[in-house]
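Architecture at a glance
The lines below spell out each chain.
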Amino acid sequence: MAANDTIADMLTRIRNANLARHQTVNIPSTRMTRSIAKVLKEEGFITDYSEATEDDRPQLVIALKYKGKTRQPIIRNLTRVSKPGLRVYSNRKELPRVLGGIGIAIISTSSGIMTDRDARRQGIGGEVLCYVW
């Protein structure tokens, strides 16, 4: 696979697995995808994630979360904001609020990957990777 946008790839895989109501989804494991998975877990969008190796390539196995008898996906939307061709940065004063605080923006900061809320609390800005709600 020649896609160099691992984040967009990760979001697409989660989106597709959600639509198909899969229990888990495999994503190539990188520092970036692990950090994003960690944030998604902390914010309660996924049940858990673990690492596995498949064909000598590290994989992240993400356990998706659904609610109710109808198994509605907890993650209703994943939107890539900053793309390799067009980076989107935001200083601490302009950090986006997603759906008035219902959703989260995942920000890549100098102190690691965190939600817009944490970045605001720490008074730092960074690259706006994606929105989740």
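Everything in this summary refers to the structure shown in the same document. (Residues numbered from 1 in each chain as written. Predicted model: local features only at pLDDT ≥ 70, side-chain atom pairs only at ≥ 80, totals over all residues. Heavy atoms only, no water.)

With that settled, the discussion passes to the sheet that holds strand S3 (residues 57-64). Strand order in the open sheet made by the three strands is S1-S3-S2, with antiparallel pairing throughout. A strand with exactly one partner marks an edge of an open sheet, and here the two such strands are strand S1 (24-28) and strand S2 (46-54). Direction aside, neighbouring strands of the sheet carry axes that sit 25 degrees apart on average. Strand direction decides the pairing type here: S1 and S3, joined by five bridges, are antiparallel. Across the sheet, residue valine 25 finds its bridge partner in S3, namely isoleucine 62. The strands touched by helix H1 (residues 6-19) are S1 and S3; relative to S1, the strand with the most contacts, the crossing angle is about 165 degrees. (Pairing = 2+ DSSP bridges. Helix = DSSP H or I, 4+ residues; strand = E, 2+ residues; numbered from the N terminus. Axes fitted to C-alpha atoms, helices over the stretch in contact; angles between N-to-C directions. Contact = heavy atoms within 4.5 Å.)

Attention now goes to the pattern of salt bridges. Evaluated as defined, the whole model comprises nine salt bridges. Here aspartate 9 ties to arginine 13 by a salt bridge, and the two come within 3.1 Å at their closest N and O atoms. A residue pair is termed a helical-turn pair when its members lie 3 or 4 positions apart in one helix, as aspartate 9 and arginine 13 do in helix H1 at four residues. The exposure class assigned to aspartate 9 is buried, which follows from its relative accessible area of 15%. (Salt bridge = Lys/Arg side-chain N within 4 Å of Asp/Glu carboxyl O. Buried < 20%, exposed > 50% of the residue type's maximum accessible area, 1.4 Å probe, protein only.)

Scope: geometric values only; no functional claims are made or implied.
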